[in-house]
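Secondary and tertiary structure notes
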Amino acid sequence: MNRILFLVAIIILPLPAISEEVTRNAGDKSLNFSFSDFAIEDYKIGIGGKYWFSPKITMTGSIDYQNTTSELETSTGTPTQPETNFDSYGLSIGIERHFKSSTKLSPYLGGEIYYLDSESVVPGDFTSSFSEWGINVLFGAEYAFNKTIAFAAEYSLGYSDTESKINDTDSGTTTGTNKGFGLGSGKLLLLLYF
């Protein structure tokens, strides 16, 4: 395992030093893959794209999916409750304003609108569903290794409106809404330009 990590480090670490200066032009396009959690039992990924209108302005869009399965166990390994399943689907569209820098790092500010739909199920106990829409301000930076590969990281801050419905076998059905401002999650992106 250490040999593999050593080989990966030898290959990846020199890439920024040997790559050419990268500038983006109107018409450049990328296929984006986003990740926001690296836990083995959780799966959340997004696939989207970016289109450059000019060297400073881009339009982005993505489709996101998350699936989480969990089961509480006692210290002896005996399950204490049935397996919980959580599924979430989302769609977002946004715009970014990139700032020129003297390095291959391109900081940006942006905005996006999004919609999420999720459902959580504990068999025989309860089900819950949530639908949410929101508007975010994005703070991020994109680093170009070369003309075709880049990485980006971003955080969001924004407003969301969530409607929930919970069906509990003991207490019946409850519905609710939640509106407000808050800090969103961070996101890492791999961008493949073509």
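It should be emphasised that the depicted structure is a prediction, and the values quoted were computed from it without experimental measurement. (Residues numbered from 1 in each chain as written. Predicted model: local features only at pLDDT ≥ 70, side-chain atom pairs only at ≥ 80, totals over all residues. Heavy atoms only, no water.)

1. Notes on a nonpolar patch on the surface
To keep things clear, this is the line we draw: Patch membership is restricted to residues that have no salt bridge and whose relative accessible area is over 30%. Joining uses 9 Å for like charges and 5 Å for the nonpolar side chains Val, Leu, Ile, Met, Phe, Trp and Tyr. To measure how exposed things are, a 1.4 Å probe is used in the Shrake-Rupley method; for residues, cover is taken only from the protein chains shown. Salt bridge criterion: a side-chain nitrogen from Lys or Arg within 4 Å of a carboxyl oxygen from Asp or Glu. Under the scheme used here, helices are H or I runs from DSSP no shorter than 4 residues and strands are E runs no shorter than 2 residues, and both carry numbers assigned from the N terminus. Only protein chains enter the accessibility calculation, which uses a 1.4 Å probe. A residue is then buried if its area is under 20% of the maximum for its type, exposed if over 50%, and partly exposed in between.
Side chains of L31, I47, I63, L91, I149, F151, L192 and F194 sit close together on the surface and give an oily, nonpolar patch of about 750 Å² of accessible area. Here F151 is to be found in strand β7 (residues 149–168). Take F151: its relative accessible area is 41%, and that puts it in the partly exposed class.

2. Considerations on the nonpolar core
Note the following rule: To define a nonpolar core, start from buried Ala, Val, Leu, Ile, Met, Phe, Trp, Tyr and Cys residues and group those joined through side-chain atoms within 4.5 Å. Contact definition: two residues touch when any of their heavy atoms are within 4.5 Å.
If you look at the biggest cluster of nonpolar residues, it comprises nine residues: V22, W52, Y108, A144, A150, A152, L189, L191 and Y193. Only β7 and β9 (187–193) provide two or more residues apiece to this core. It is β9 that provides the largest number of residues to this core, a total of three residues. Contact partners of L189, with chain neighbours within four places excluded, come to N32, F33, S34, A150, F151, A152 and E154.

3. So, the pairing of strand β8 (residues 172–183)
Quick reminder of the rule: Criterion used throughout: strands pair if DSSP finds at least two bridges between them.
Along β8, only zero of the 12 residues are buried, which leaves the element largely exposed. What sits between the antiparallel neighbours β7 and β8 is a turn of three residues.

4. Things to note about the environment of I57
In this fold, I57 is placed in strand β3 (residues 57–70). When the C-alpha atoms of I57 and I95 are compared, they prove to be 7.2 Å apart, with 38 residues separating the residues in sequence. Setting aside anything within four residues of it in sequence, one finds I57 in contact with Y51, W52, I95, E96 and R97.

5. Regarding the packing of aromatic side chains
For the record, the criterion: Whether two aromatic rings pair depends on their centres lying within 6.5 Å, for rings of Phe, Tyr and Trp, where Trp uses its six-membered ring; planes under 30 degrees apart make the pair stacked, over 60 edge-to-face, and the rest tilted. For a Lys NZ or an Arg CZ to count as sitting over a ring, it must be within 6 Å of the ring centre and within 35 degrees of the ring normal.
Applying the stated criterion across every chain, the model contains six aromatic pairs. Taking the centre distance of 5.3 Å and the plane angle of 75 degrees together, the rings of Y51 and F53 count as edge-to-face. Residue F53 is classed as partly exposed on the basis of its relative accessible area of 45%. The interplanar angle of 75 degrees and the centroid separation of 5.3 Å between the aromatic rings of Y143 and F145 together place this pair among those described as edge-to-face. Taking the ring centre of Y193 as reference, the NZ or CZ of R24 above it sits at 3.5 Å. Over the face of the ring belonging to Y108 we find K50, whose NZ or CZ atom lies 5.3 Å from the ring centre.

Fair warning: the whole summary comes from geometry, so function is off the table for now.
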